[in-house]
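Structural features, examined
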Amino acid sequence: MNQYTPPKVWTWSKPNGGTFASINRPIAGPTHEKELPVGKHPLQLYSLATPNGQKVTIMLEELLARGHKGAEYDAWLIRINDGDQFGSGFVEVNPNSKIPALMDRSGEKPIRVFESGAILTYLAEKFGEFLPKDPAARAETFSWLFWQMGSAPYLGGGFGHFYAYAPEKIEYAIDRFAMETKRQMDVLDRRLAESEYLAGPDYTIADMAVWPWYGGLAKGRSYNDAHQFLSVHEYEHVQRWADAIDARPAVKRGRMVNRLSGDPAFQLHERHDASDFETKTQDKLLAKAS
């Protein structure tokens, strides 16, 4: 490998990011004019079924499962590899050009919410669910929620990128981020050895935030064969927790929304009604078209 000597001043002279080079650039703001669609429900979600996107669709499906009709939502697909997140309408909802982004149109004035942790907190407070009222339990929930937001970049942008997506395998980078990912899994395993869920005995937004990232890794859904490389089977308490959340019907539905990969029967590209899970999954749409 050639030794790289950084220039005195960095300039953007070539694509960078391997598989995701098309979504990386050193400036913010829109690249083109494009309005966002608006559906019939109070909540308008613009997203993709990445781990961060799954957090919010899981939360919305859990709220609906608890009978909150006001949590009905339209989920519009944002194809990040096509640059949808750089459209002017999306940038108005999220100036950071990342999914997910939410518009709440239930009041007199629409409210935008961006960043998945902020959306989970907003919805939890709006509907009074999945966020304990007891100060100690509430603090524990927020601690694990923010743990995820601080830790997952090392898993995704660090380990996942260099292990699965970078154009070349760099031993130093993979070793560095593999070590940190295993440390994080051990943090979770030790916590879940003493607690049913992350914040205590109850399922909260902390679990919804952490599970798509670390539960996905535990169940072998992330970064090709990373589960084998990292020996994730060793984290038995994470495995127990991941299986318990996997089994929740609302989680199964939430994982399907805005999904573009995997079994077409589990891909619901857009979600506008609860019946869409039965009638508009990709396998059924493809069968109708053939």
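Residues numbered from 1 in each chain as written. Predicted model: local features only at pLDDT ≥ 70, side-chain atom pairs only at ≥ 80, totals over all residues. Heavy atoms only, no water.

**Quick notes on the packing of aromatic side chains**
Think of a pair of aromatic rings as described by two things: how far the centres are apart, and how the planes are tilted against each other in angle. Applicable threshold: Each aromatic pair joins two rings of Phe, Tyr and Trp (for Trp, the six-membered one) with centres within 6.5 Å, and gets the label stacked for planes under 30 degrees apart, edge-to-face for over 60, and tilted for any other angle. Numbering goes from the N terminus for both helices and strands, where a helix is a DSSP run of H or I of at least four residues and a strand is a run of E of at least two. Burial status follows relative accessibility: with a 1.4 Å probe on protein chains alone, a residue under 20% of its type maximum counts as buried, one over 50% as exposed, and anything between as partly exposed. Criterion for a charge above a ring: Lys NZ or Arg CZ within 6 Å of the ring centre, and within 35 degrees of the ring normal.
In the structure shown here, the tally under the stated rule is 12 aromatic pairs. Judged by centre distance (6.2 Å) and plane angle (80°), the ring pair of Phe-159 and Tyr-223 falls under edge-to-face. With Phe-159 in helix H4 (residues 135-165) and Tyr-223 in the loop between helix H6 (205-218) and helix H7 (226-229), this pair connects stretches of sequence that are 64 residues apart. The pair Phe-159 / Tyr-223 is uniform in exposure class, with both members buried. Three or more aromatic residues link up through ring pairs in this structure, and these residues are Phe-159, Tyr-163, Tyr-165, Tyr-223 and Phe-229. Its end group placed over the ring of Phe-86, Arg-25 keeps NZ or CZ at 4.3 Å from the ring centre. Seen from the ring of Tyr-163, Lys-169 lies directly overhead, with NZ or CZ sitting 5.6 Å from the centre.

**Considerations on the packing of helix H1 (residues 51-65) against H6**
Our working definition: Helix axes are fitted only over the stretch in contact, all axes being lines through C-alpha atoms; the angle between N-to-C directions runs from 0 to 180 degrees. What sets the label is the angle itself: under 35 degrees gives roughly parallel, over 145 gives roughly antiparallel, 65 to 115 gives roughly perpendicular, and the rest give oblique. The sense of a crossing depends on the near helix, which, turned anticlockwise from the far helix by less than a right angle, makes the crossing left-handed and, turned clockwise, makes it right-handed. Contacts are assigned to residue pairs with any non-hydrogen atoms lying within 4.5 Å of each other. When residues are grouped by polarity, Ala, Val, Leu, Ile, Met, Phe, Trp, Tyr, Cys and Pro land in nonpolar, Asp, Glu, Lys and Arg in charged, and all others, Gly among them, in polar.
Orientation of H1 relative to H6, taken along the N-to-C sense of each, is 140°, at an axis distance of 8 Å. Classified by the angle their axes make, H1 and H6 are oblique. Seen from above, H1 lies across H6 with right-handed handedness. Of the residues in H6, those touching H1 at Pro-51, Asn-52, Gln-54, Lys-55, Ile-58, Met-59 and Glu-62 are Ile-205, Met-208, Ala-209, Trp-211, Pro-212 and Trp-213. A class-by-class count of the residues in the contact of H1 with H6 yields nine nonpolar, two polar and two charged.

**Concerning the sheet that holds strand E3 (residues 101-104)**
Here is the rule: Think of it this way: DSSP has to see at least two bridges between two strands before they count as a pair.
Pairing is mixed in the open sheet, where four strands are placed in the order E2-E1-E3-E4. Every interior strand has two partners, whereas the edge strands, strand E2 (73-77) and strand E4 (111-114), have only one. Each strand of the sheet is rotated relative to its neighbour by a mean of 20°, with strand direction disregarded. Against the sheet, H1 contacts strand E1 (43-47) and E2, and its axis sits at roughly 150° relative to E1. On top of the sheet, helix H3 (residues 116-127) reaches E1, E3 and E4; it is set at about 130° to E4, its chief contact.

**Some details on the side chain of Thr-281**
For the record, the criterion: In protein, a polar contact requires one atom able to donate a hydrogen and another able to accept it; more generally it is a pair of N or O atoms within 3.5 Å, and residues adjacent in sequence count only if both atoms are side-chain atoms.
Within the secondary structure, Thr-281 is located in the loop between helix H10 (276-279) and helix H11 (282-289). A polar contact is formed between the side chain of Thr-281 and the side chain of Asp-283, at a distance of 2.5 Å.

**Describing the pattern of salt bridges**
Counted only if it meets this: One side-chain nitrogen of Lys or Arg within 4 Å of one carboxyl oxygen of Asp or Glu is enough to make a salt bridge.
All told, the structure shown has 16 salt bridges when counted by the stated rule. We note a salt bridge from Asp-84 to Lys-34, for which the minimum N-O separation is 3.7 Å. With Asp-84 in the loop between E2 and helix H2 (88-93) and Lys-34 in the segment before E1, the pair connects residues that are 50 residues apart, well separated along the chain. Owing to a relative accessible area of 43%, Lys-34 belongs among the partly exposed residues under this scheme. Taken together, the shared-partner salt bridges in this structure form one network comprising Glu-61, Glu-72, Arg-253 and Arg-271.

**Let's talk about the UniProt feature "domain: GST N-terminal" (unreviewed entry) in the chain**
The cut-off we apply is this: UniProt positions are given in the numbering used here, feature names are shortened, and annotations may be inferred rather than shown by experiment.
Under the feature "domain: GST N-terminal" (unreviewed entry), the UniProt entry names residues 44-131. Along residues 44-131 one finds 38% helix and 19% strand; the C-alpha atoms at either end are 22 Å apart.

**Some details on helix H9 (residues 249-256)**
Buried within H9 are the following residues: Ala-250, Val-251, Gly-254 and Met-256. Asn-258 occupies a position one or two residues after H9 and carries a positive phi of about 65°.

**Comments concerning helix H8 (residues 236-246)**
Put simply, the test is: The arc under discussion is defined with respect to the helix axis, by the directions toward the C-beta atoms.
Of the residues making up H8, those classed as buried are Val-238, Gln-239, Trp-241, Ala-242, Ile-245 and Asp-246. Projection of H8 onto a plane perpendicular to its axis shows the buried side chains occupying an angular sector of 165°, all on one side. Buried residues along H8 sit in contact with helix H5 (171-194), H6 and H9.

**Quick look at the UniProt feature "domain: GST C-terminal" (unreviewed entry) in the chain**
Per the UniProt record, the feature "domain: GST C-terminal" (unreviewed entry) sits at residues 134-266. Annotated as residues 134-266, this span is 69% helix and 0% strand, and its ends, taken at the C-alpha atoms, are 37 Å apart.

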